[in-house]
Amino acid sequence: MKEDRPNWRDRYPDEVTCVRCLEVHDQMYLDRLLWCDRCRALARNRAGWWGWLGGWIFGAGLVAYIWIFIRPTSLVIGGWFGTVAMGIWLGSKACREIAYGVIRFVNARAIEAVPPKADAPSE
Ligand SMILES: [Zn+2]
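Residues numbered from 1 in each chain as written. Predicted model: local features only at pLDDT ≥ 70, side-chain atom pairs only at ≥ 80, totals over all residues. Heavy atoms only, no water.

> Residues and numbers for the coordination of the zinc ion, please.
Of the protein atoms, only Cys18 (SG), Cys21 (SG), Cys36 (SG) and Cys39 (SG) coordinate the zinc ion, at distances of 2.1 to 2.3 Å. Classification of the site at the zinc ion as tetrahedral follows from its 4 donor atoms and the range of 105 to 115° in their angles at the metal. (Donors = N, O, S within 2.8 Å, 3.2 Å for Na, K, Ca; no water. Tetrahedral: all angles 85-135°; square planar, octahedral: opposite > 155°, others 65-115°.)

Here it is in C-alpha cells:
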C-alpha cells in the first residue's frame with residue numbers, strides 16, 4: 001500500500017462507529033460503508049436466506065418450464081432432477097449476490113443495533 005496516496009480511511013478517526021450496530025470499532029475492522037466485520041457477516045447471512053428463497057423460486061420456474069414446454073420422458077427424469085438442482089443452486093448464488101448488493105446499497109442505518117433495555121422485536 002502506498003503511503004502518499006490518500007486513503008478513505010484517512011478521513012476517519014481511529015475509532016469509528018459502525019453504522020449498522022452503532023458499536024465503536026477500530027477503523028481497521030470497518031469497510032468503506034462503515035460496516036464492521038460482524039455486520040457484514042450478518043448481512044451475508046441474511047442475503048444467503050434471500051438467495052435460497054430466490055433459488056427455490058427460480059427452481060420452481062424451471063420445473064414449470066421443463067414440465068410444460070419440454071415434457072420430459074420418464075427415461076431421463078434423473079437428468080432433469082440434476083438440471084433443476086443445479087438451477088436452484090446457481091439461482092441461489094445469483095440471488096444471494098443480488099440480495100447482498102441490495103442490502104449494501106440500501107445501507108440501512110443502525111439495523112443491527114440493540115436498543116438499550118428495550119424489548120427486542122421478534123422477527
Ligand atoms: Zn456493526
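The rest of the description comes next.
> Can you lay out the nonpolar core for me, pointing to particular residues and giving the numbers?
Buried together is how nonpolar side chains tend to be arranged in soluble globular proteins. Cys18, Leu30, Leu34 and Cys36 are the most contacted members of the largest nonpolar core, which has 15 residues in total. Only α1 (37-70) and α2 (77-106) provide two or more residues apiece to this core. The residues contacting Leu34, other than those within four sequence positions of it, are Trp8, Tyr12, Val16, Thr17, Cys18 and Val19. (Core = buried A, V, L, I, M, F, W, Y, C linked by side-chain atoms within 4.5 Å. Buried < 20%, exposed > 50% of the residue type's maximum accessible area, 1.4 Å probe, protein only. Helix = DSSP H or I, 4+ residues; strand = E, 2+ residues; numbered from the N terminus. Contact = heavy atoms within 4.5 Å.)

> If you had to explain the packing of aromatic side chains to someone new, which residues and values would you point to?
Here the distance between the centres and the angle between the planes together describe a pair of aromatic rings. Within the structure shown, the criterion is met by 1 aromatic pair. Aromatic pair Tyr65 and Phe69: ring centres 5.3 Å apart, planes at 40°, arrangement tilted. Linking Tyr65 with Phe69, this pair stays in helix α1, spanning 4 residues, or about one helical turn. Positioned over the ring face of Tyr100 is Arg44, at 4.0 Å from the centre of the ring. Directly above the ring of Trp35 sits Arg104, whose terminal nitrogen or CZ lies 4.6 Å from the centroid. (Phe/Tyr/Trp six-rings, centres within 6.5 Å; stacked < 30°, edge-to-face > 60°. Lys NZ or Arg CZ within 6 Å of the ring centre and 35° of its normal.)

> Tell me about the side chain of Gln27, and name the residues and values.
Relative to the elements of secondary structure, Gln27 occurs in the loop between β2 (24-26) and α1. In this structure Gln27 comes out as buried when scored by relative accessible area, which is 11%. Within the local environment of Gln27, its side chain forms a polar contact with the backbone oxygen of Pro13, the two atoms lying 3.0 Å apart. Every residue in contact with Gln27, bar those within four places of it in the chain, is listed here: Arg9, Tyr12, Pro13, Asp14 and Val16. (Polar contact = N/O pair within 3.5 Å; in protein donor to acceptor, adjacent residues only side chain to side chain.)

> Summarise the packing of α1 against α2; cite the residues concerned and give the values.
Helix-helix packing is described using two parameters, namely the angle between the two axes and the distance between the axes. Where α1 meets α2, the closest approach of the two axes is 5 Å, and the angle between their N-to-C directions is 140°. With respect to each other, α1 and α2 are oriented oblique. α2 is crossed by α1, and the crossing has right-handed handedness. Residue classes in the contact of α1 with α2 are distributed as 18 nonpolar, 9 polar and 6 charged. (Axes fitted to C-alpha atoms, helices over the stretch in contact; angles between N-to-C directions. Parallel < 35°, antiparallel > 145°, perpendicular 65-115°, else oblique. Left-handed = near helix turned anticlockwise from the far one by under 90°. Nonpolar A, V, L, I, M, F, W, Y, C, P; charged D, E, K, R; others polar.)

Structural measurements only, silent on function.
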